[in-house]
Amino acid sequence: MDFLNAIILISNFILVPAITYGSQLALGAIGVTLIYGVLRFANFAYGDLMAFGTMIVILFTWYLQSKGITFGLLPTALLALPIGILFTIAISLFFDKTIFEYYREKKSNPVTFIVVSLGIMFVLNAVVRIIIGPNDINFMDGHKFIMKAREFKQITGLNEGLAIKSTQVITLITTIITCSLLFYFLNKTKTGKSMRAYSDNEDLALLSGIDPKKIILLTWVIVSILATVGGTLYGLDKSFKPFTYFNNLLPIFAATIVGGIGNPLGAFYGGFLIAFSEIALTYAYKKFFKYLLPESLEPNTLIQFISTDYKFAISFAILVVVLIFRPNGIFKGKVI
Amino acid sequence: MKNLDIKISFSVMALLIILVGIFQSWGVALSILNLCLISAVMSMGVNIQWGFAGLINFGVMGFLAIGGLATILVSVPPVIEAWSTGGMGILVSGLFIISVVLLLFFINKKLNDYKYKNYLIFLIIILSIPLLKLISGPSINKIESINAATSGFLGGMNLPIIFSWFFGALLSAGVAFVIGKVCLGLRSDYLAISTLLISGIIVSIVKHEEWLSRGVKNVIGLKRPAPYEVDLQSSDWFIRLVEFLNTSKLSKIFDITERQDLLSKLVITSSGIFVKLCFALIFFLVVCTLLYFSEKALKSPWGRMMRAIRDNEDAAKAMGKNVVKQHLFIFMLGSAIIGFAGAMLVTYDGLFTPSSYQPLRYTFLIWVMVLLGGTGNNYGAILGAFVVWFIWIQSAPFALYVINLFTSQLDESNAIKLHLVNSIPYFRYLMMGLGLLVVMRYKPKGLLPEKVMRN
Amino acid sequence: MYFSASKLTGGYGGVNIIEDCSFNVNRGEIVSILGPNGAGKSTAMKAMLGILDLKSGEINLDGQDITKFKTQDRIKLGVSFVPQIKNIFTELTVEENLEMGAFLNEDDIRLQIEKMFDLFPIIKEKRKQAAGELSGGQRQQVAIARALMTNPTVLMLDEPTAGVSPVIMDEIFQHILNIKKQNIAILMVEQNARQALEISDRGYILVTGKNAYEGDGDYLLNDKEIRKSFLGG
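Residues numbered from 1 in each chain as written. Chains lettered and ligands numbered in written order. Predicted model: local features only at pLDDT ≥ 70, side-chain atom pairs only at ≥ 80, totals over all residues.

Draft legend 1. Examining the overall build of chain A more closely. For chain A, the helix and strand inventory stands at 13 helices and two strands. In terms of overall dimensions, chain A is globule-like: its C-alpha atoms have a radius of gyration of 21 Å, near the 20 Å expected for 336 residues. When the backbone C-alpha atoms are referred to their principal axes, chain A occupies close to 70 × 55 × 35 Å. Going through the 336 residues of chain A one by one, you find that 51% of them count as buried. Excluding contacts between residues fewer than 6 apart, the proportion of contacts in chain A whose partners are at least 24 apart in sequence is 76%. (Helix = DSSP H or I, 4+ residues; strand = E, 2+ residues; numbered from the N terminus. Rg over C-alpha atoms; globule rule 2.2 N^0.38 Å. Buried ≥ 20, exposed ≤ 12 C-beta atoms within 10 Å, placed from the backbone. Contact = placed C-beta atoms within 7 Å.)

The following block contains the structure:
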């Protein structure tokens, strides 16, 4: 009995949240790594791009809801997702055409791109807050819990409950679908392979006749999709507050570098690594040990490795560890 | 030519501030001036790292927080009871941390051949974290429980607050040393991300270690290197000064009680202005001193060498320059200056609010100042600070003016108008972003570019 | 002559690296471009490819003037190039490298891929491996195979044996000889002058950006002056 309780405890407080958080980070990290691989710069505006995409989804969700259109058990926001994606693609291409293209043609150094992405970050940050305000917005509707803790306890008779929110399942499924499609595209289609080739060796790709304009357009499209989907899933699961989206960039950057910058599969794994580490290392295992150990050895303290306040420290620590042991990332990325 | 540019730009800035004084209020003008001066110190610190050496430090926010922390540690009176119950534990923990760090440095340097060196380092770090918690935990609890509402922390050394500015610089330099040792070998984008993450960690520490900084409960009522307004308002010499300066205004009023009222009001506003003037003087002194030494350093052989390294690191290495050492030195120096500014800021505000440290306002805004003002140019950094801060503060009244202009036909309670008015705080971010983009496009070296030295 | 370049003059910025250089090569010929370091060999090759802007000169492919053509258009006409460095997609598999080689080709390229594996049997068993994991000699084979995917009529190679061991160098030159049998015009810049001349039909020797010597492979190999100056006595 107690062994099962211990497992359910871990599942409820570590496994399920980490899978959800990992999916969110993975989507973000893949987007950042694609921009790095193809466009060759770290895009500090990515967090606010996610916020922008989510904002459009929210606005359109409200519109749908006002017209009485819902999605049954699923959140209405999923219906609004395509519109959000379109707007995000539009604004990404707009910024690329008016800003990034100029510096690409000048062959400016990466620092210039970072600085310019900072400018775009300020602008997007302002635009989102001006349009939708800075406050917490909850736009989740539809069926909230697939399994409530209380129900679980009733069904199984266990002491510990396992709660599963529908947003967690949606996040996982959407992430799996999105990533499968993306990796199929990158590995099995000619265009996808050409994108990888361009990211790998730009000069040789140009020599092979690969059209850089097409690659860059595709990259922004894919990145916009990832940003909007990732941002929306995050907002559905937690809530939408423009301010948090920039903060999420930090673990996303860590995941990108850990996975090997420029390597989408690495970014995927990196996201989960960071998520699991953050949650597992800040969890208080007192109850867990209580279930497993005989009463005489039961711990008195929280048994928490690091306090939750220091989440950043974990991302950073993992980043430093990886940079020391495997500077190219856990999976081979570009040598920096 | 360059000197003319500098003179023109600074004259324009001075003019603008005077105009604010005339059309808005002298209090506001002096506030702007003071924040500009503080920001100038910050941007000069960043400029030393970026302009002189090409190092991207996105951890500015962390060093500002360290400077702010220093004001607490230096100027606040110690909480005796906290020290007696928990002081020893904290000291032991501090020694523990220092010995672990020294051990790690030692292992890193001496055991270079040991195959598992990195694993050992990793293991030590992993083990020392719970050990640290064990050692420090009880003491921290004791400290935080003493008068939790009004103190709940260790307090400081009860020294004059100006000392904290230098302490802040020292502390920042120390932290910069550790960060530099770990991160400076990384290329620009990794360095940027790493420093950003580390600054997040530093601010987390300051926010959550209540025994040290009171965390989110904030520390208020800090000491000052200038008089307090209330003290001025009750001192005779000041009242007589105000009376003297406003004789013409006062003599127009014949009723005694009315004249007293007016005098009181004048004394109140004047006290505010007087305090700000005092601060302005001190800050101006700091900026001038810093500028003097920075300019000397820039023009010195050392300065030229730094920029040679920045422009062509490989060539410099080939010539035998110890690039790593120079970079570390510059990183520490710039961070120390930033820490100094952080202490200045908290002193001026009179309170320490750890939760206010956000990357956008305390890191990236400073970067906009440096980039806009002119990379590698001290005058540029100062100008950038003035321009950016001026726009930052004045954007709110300006936005209000523009909104009113365009929506003059709309009624006060109109939803759109209300929404726009509510959004005013965010317009300044928009202006910053657009400003940065415009400058990077049309004047990528900033308003006052670095003068190319010809030898 | 199938492919010819006459009086090429150009360089980087304002400085001319090559002046009045001329080369030509016929199908089924191996022609080497040799010379000391900095002589302008790679520059000349880049000019023939259209990567470098020419101040003056003419380039002709099978009777057509391609001097003003963009690189990609020259590739479409049958010119192919193996760069000296970064000549493979290290992250992509060997097979994907070949697929990218034939990127501009709309048709089914599987036959062509199999043909390449016949020419370079060693890399066939590595077809699903990332190209970057292969040894130096194998990577060169992938690089050359990639360039051959478009079924070119002219193959240009920039120092194909740079930095490889003598055994591998022989292997690579053997592969180049096999390619010659496909009736492809082969132009190669080389640093290992003697070995290059041994398999070349003809050669040009560039000195400070100008044609200095030219002639049959044997002639250049055996001439006493040339041996002393360029072939290490």
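Draft legend 2. Looking closely at the overall build of chain B. Broken down by element type, chain B carries 19 helices and zero strands. A compact globule built from 455 residues would reach a C-alpha radius of gyration of about 23 Å, and chain B, at 25 Å, matches this within 12%. Expressed along its principal axes, the backbone C-alpha trace of chain B runs to roughly 90 × 60 × 50 Å. Sorting the 455 residues of chain B into buried and exposed places 42% on the buried side. At a minimum sequence separation of 6, the contacts of chain B that also span at least 24 residues come to 83%.

Draft legend 3. The interface of chain A and chain B, seen in detail. Across the boundary between the two partners, chain A contributes 37 residues, which contact 35 residues of chain B. Sorting the residues of the side of chain A that touches chain B by element identifies helix H3 (77–106), helix H4 (110–132), helix H10 (242–258) and helix H13 (311–325) of chain A as the ones contributing at least two each. The leading source of residues in the side of chain A that touches chain B is H4(A), at 16 residues. Residue classes in the side of chain A that touches chain B are distributed as 31 nonpolar, four polar and two charged. (Nonpolar A, V, L, I, M, F, W, Y, C, P; charged D, E, K, R; others polar.)

Draft legend 4. View of the pairing of strand S1 (residues 3–12) of chain C. All names here are of chain C. Strand direction decides the pairing type here: S1 and strand S2 (residues 15–25), joined by seven bridges, are antiparallel. Its bridge partner being in S2, Tyr-12 is matched across the sheet by Val-15. What sits between S1 and S2 in their antiparallel hairpin is a turn of two residues, with Gly-13 showing a positive phi close to 65°. Here S1 runs beside strand S4 (residues 54–61); their pairing, made up of six bridges, is antiparallel. When the bridges of S4 are listed, Ala-5 appears paired with Ile-59. (Pairing = 2+ DSSP bridges.)

Draft legend 5. A look at the arrangement of the chains. Taken together, the two pairs of chains in contact show their highest number of contacts between chains A and B. In this assembly chain B lies apart from chain C, the nearest approach of their C-alpha atoms being 20 Å.

Draft legend 6. Main features of the sheet that holds strand S8 (residues 185–189) of chain C. All names here are of chain C. Strand order in the open sheet made by the six strands is S6-S7-S8-S3-S9-S10, with mixed pairing throughout. Of all the strands in the sheet, the pair left with one neighbour each is strand S6 (79–82) and strand S10 (210–216). Across the sheet, the axes of successive neighbouring strands diverge by a mean angle of 15°, strand direction being ignored. Here four bridges tie S6 to strand S7 (residues 154–158), and the two strands are oriented parallel to one another. (Axes fitted to C-alpha atoms, helices over the stretch in contact; angles between N-to-C directions.)

Draft legend 7. Local environment of unusual backbone geometry. Residue and element names in this part refer to chain B. The phi dihedral of Asn-158 falls on the positive side, at around 60°, and the residue is not glycine. Its location among the elements puts Asn-158 in the loop between helix H5 (117–145) and helix H6 (161–183). For Asn-158, a count of 11 C-beta atoms within 10 Å corresponds to the exposed category.

Draft legend 8. Representation of the interface of chain A and chain C. Taken residue by residue, the interface counts 12 residues in chain A and 17 residues in chain C. Ranked by the residues each element gives to the side of chain A that touches chain C, the list is headed by helix H7 (residues 190–200) of chain A, at five residues. Per-class residue counts for the side of chain A that touches chain C are four nonpolar, four polar and four charged.

Draft legend 9. How the structure looks around the sheet that holds strand S5 (residues 64–65) of chain C. The four strands lie next to each other as S2-S1-S4-S5 (chain C), forming an open sheet whose pairing is antiparallel. Each end of this open sheet is capped by a strand with a single partner; those strands are S2 and S5 of chain C.

Draft legend 10. Main features of the packing of helix H2 (residues 26–53) of chain B against helix H15 (residues 323–349) of chain B. Residue and element names in this part refer to chain B. Where H2 contacts H15, the axes come no closer than 9 Å and their chain directions differ by 170°. As summarised for this structure, H2 and H15 are arranged roughly antiparallel, according to the angle between their axes. A per-class count over the contact of H2 with H15 returns 18 nonpolar, six polar and no charged. (Parallel < 35°, antiparallel > 145°, perpendicular 65-115°, else oblique.)

Draft legend 11. Just the environment of C:Asp73, in detail. Among the secondary structure elements, C:Asp73 is positioned in helix H2 (residues 71–76). When the C-alpha atoms of C:Asp73 and C:Ala5 are compared, they prove to be 17 Å apart, with 68 residues separating the residues in sequence.

Draft legend 12. Here's a closer look at the pairing of strand S9 (residues 202–207) of chain C. Residues and elements named next belong to chain C. With five of six residues buried, S9 lies mostly within the body of the structure. Looking at chain direction, strand S3 (residues 30–34) and S9 are connected through four bridges and run parallel. When the bridges of S9 are listed, Ile-33 appears paired with Tyr-204. Across six bridges, the pairing between S9 and S10 is antiparallel. Its bridge partner lying in S10, Ile-205 is registered against Tyr-213. Taken together, S9 and the strand that follows it, S10, pair antiparallel across an intervening segment of two residues, in which Thr-208 is found at a positive phi of about 40°.

Draft legend 13. Representation of the confidence of the model for chain B within the structure. Residues and elements named next belong to chain B. When pLDDT is averaged along chain B, the result is 86, and 97% of the positions lie at 70 or above. Here helix H14 (residues 313–318) stands out as the least confident element of chain B, with mean pLDDT 76; helix H3 (residues 60–75) is the most confident, with 94. Reported confidence for the predicted complex is 0.87 by ipTM and 0.88 by pTM. (pLDDT = per-residue confidence, 0-100.)

Draft legend 14. Expanded view of the environment of A:Thr167. Residues and elements named next belong to chain A. One can find Thr-167 in helix H6 (residues 166–188). Overall, Thr-167 belongs to the buried group, with 23 C-beta atoms counted inside 10 Å. With 138 residues separating them along the chain, Thr-167 and Ala-29 place their C-alpha atoms 20 Å apart. Residues within four places of Thr-167 in sequence aside, it is in contact with Met-140, Leu-236 and Asp-237.

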